[in-house]
Amino acid sequence: MNIRNLLFCVGGLALGFFAGLYLANQINVPARPAPDASAAASEGGGTAGPLDAEKSGGPLPPGHPDISSTASDGSPADPNGAAATNADAQKAMEAADRQTGDFDLQREAARTFFNLRAYDKAALYLDRALKLRPKDADALVLAGNNKYDAGDYPAAAAFYERALAVKPGDADVLGDLGNTYYQRQPPDYARAVEEYRKAVAINPRHEVSLQNMASASVKLGDKAAAQEAVEKLAAANPANRFIEPLRAAVAQMP
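Residues numbered from 1 in each chain as written. Predicted model: local features only at pLDDT ≥ 70, side-chain atom pairs only at ≥ 80, totals over all residues. Heavy atoms only, no water.

Colleague: I'd love a proper account of the overall build of the protein, names of residues and values included.
Modeller: When helices and strands are counted, the protein shows 11 helices and two strands. Listing the helices and strands of the protein from first to last along the sequence gives α-β-β-α-α-α-α-α-α-α-α-α-α. Going through the 254 residues of the protein one by one, you find that 50% of them count as buried. Accessible surface for the protein amounts to roughly 11,300 Å². Of this, 54% is attributable to carbon and sulfur atoms. (Helix = DSSP H or I, 4+ residues; strand = E, 2+ residues; numbered from the N terminus. Buried < 20%, exposed > 50% of the residue type's maximum accessible area, 1.4 Å probe, protein only. Areas by Shrake-Rupley, 256 points an atom, 1.4 Å probe, with all protein chains shown as cover.)

Dropping the structure here:
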């Protein structure tokens, strides 16, 4: 929710209500977590760096997708970007192209291009890799992250579901799957909450899922669920900087 130009005629309570909702929205817009990111959907950076830690409001666990259209350094995501002139990318590409039957080389090339935000090229090598090993969980998650960062959330969800079929019970991937429902248009907050709950059932201290679950529940108007998620988040990490804004948003819910 984009709250601007609030009138003071309603008083401090109304201002707190809208400000709380605004902060809740900023905190929980999932982004791809950076490899070492840990906290929130709205900072983004994941794996699901589709919540990009610096871009959408909070860091996510390693290997998650990013939900924004910019890179973690704030630059626009470029499907080819520096990949065309990057020496490491050129080396990885040549090795993979020489030995198209080598799974590891295809995956390494895909990861190199993914890190450069060259999503189309990464997808090409991931396609090769998954034809060689259709049930490799790491490659499936990388393919999901690649689609997530490219903004194709339904395709990302399909890869995450395939990864979970191979490796059930991965809280990070479940959280990323939830983010794909949070990010798509129109958002499916109810399904997002469902996936976040699965992640939390596996890892009760999964901060990203708790944070995003609280935010999605606020958007759904489910005060009890939002309150529960916020208190679990506080128990998991009392220092999480989104606890108080989320509490403020919940307190102003009818």
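Resuming the write-up.
Colleague: Lay out the nonpolar core in plain terms, naming residues and giving numbers.
Modeller: Core analysis: the biggest nonpolar cluster contains 57 residues, and F113, Y125, Y160 and M213 have the highest contact counts within it. When residues in this core are grouped by element, the largest group, seven residues, is from helix α6 (residues 153-166). (Core = buried A, V, L, I, M, F, W, Y, C linked by side-chain atoms within 4.5 Å.)

Colleague: Can you lay out the packing of helix α7 (residues 171-183) against helix α8 (residues 189-202) for me, pointing to particular residues and giving the numbers?
Modeller: Relative orientation and spacing of two packed helices are given, respectively, by the angle between their axes and the distance between those axes. Between α7 and α8, the least distance of the axes is 7 Å, while the angle of their chain directions is 170 degrees. On the basis of their axis angle, the class for α7 and α8 is roughly antiparallel. Counting all contacts with α7, which are made through A171, L174, G175, L177, G178, N179, Y181 and Y182, the residues of α8 involved are Y189, R191, A192, E195, Y196, K198, A199 and I202. (Axes fitted to C-alpha atoms, helices over the stretch in contact; angles between N-to-C directions. Parallel < 35°, antiparallel > 145°, perpendicular 65-115°, else oblique. Contact = heavy atoms within 4.5 Å.)

Colleague: Can you tell me about helix α10 (residues 223-236), naming the residues and giving the values?
Modeller: Between its terminal C-alpha atoms α10 stretches 20 Å, which fits the 20 Å expected from 14 residues at 1.5 Å a residue. Taken residue by residue, α10 has A225, A226, A229, V230, L233, A234 and A236 as its buried positions. Buried residues along α10 sit against α8, α9 (207-220) and α11 (243-251). (Expected span 1.5 Å × (residues − 1).)

Colleague: Account for the environment of A156, with residues named and values stated.
Modeller: Here A156 is to be found in helix α6. Judged by its relative accessible area of 0%, A156 falls in the buried class. As for A156 and L142, which are separated by 14 residues in sequence, their C-alpha atoms are 9.4 Å apart.

Colleague: Could you give an account of the environment of G178, with specific residues and numbers?
Modeller: Relative to the elements of secondary structure, G178 occurs in helix α7. Counting along the chain gives 21 residues from G178 to A199, while the straight-line C-alpha distance between them is 9.0 Å. Those residues in contact with G178 that sit more than four places away from it in its chain are A192, E195 and Y196.

Colleague: Summarise the confidence of the model for the protein; cite the residues concerned and give the values.
Modeller: Residue-level pLDDT values for the protein average 77, and 67% of them are 70 or greater. Per-residue pLDDT stays below 50 along residues 1-19; that stretch engages in 15 contacts with residues further than four places along the chain or on separate chains. Per-residue pLDDT stays below 50 along residues 33-81; that stretch engages in 262 contacts with residues further than four places along the chain or on separate chains. (pLDDT = per-residue confidence, 0-100.)

Colleague: So what's going on with α6? Which residues, and what values?
Modeller: Because an α-helix packs 3.6 residues into every turn, residues spaced three or four apart end up facing the same way. Between its first and last C-alpha atoms α6 spans 20 Å; for 14 residues at 1.5 Å apiece the expected length is 20 Å, and the two agree. Turning to α6, its buried residues number three or more, namely Y153, A155, A156, A157, F159, Y160, A163 and L164. Capping of α6 at its N-terminal end is provided by D152; its side-chain oxygen lies 3.2 Å from the backbone amide nitrogen of A155. (Polar contact = N/O pair within 3.5 Å; in protein donor to acceptor, adjacent residues only side chain to side chain.)

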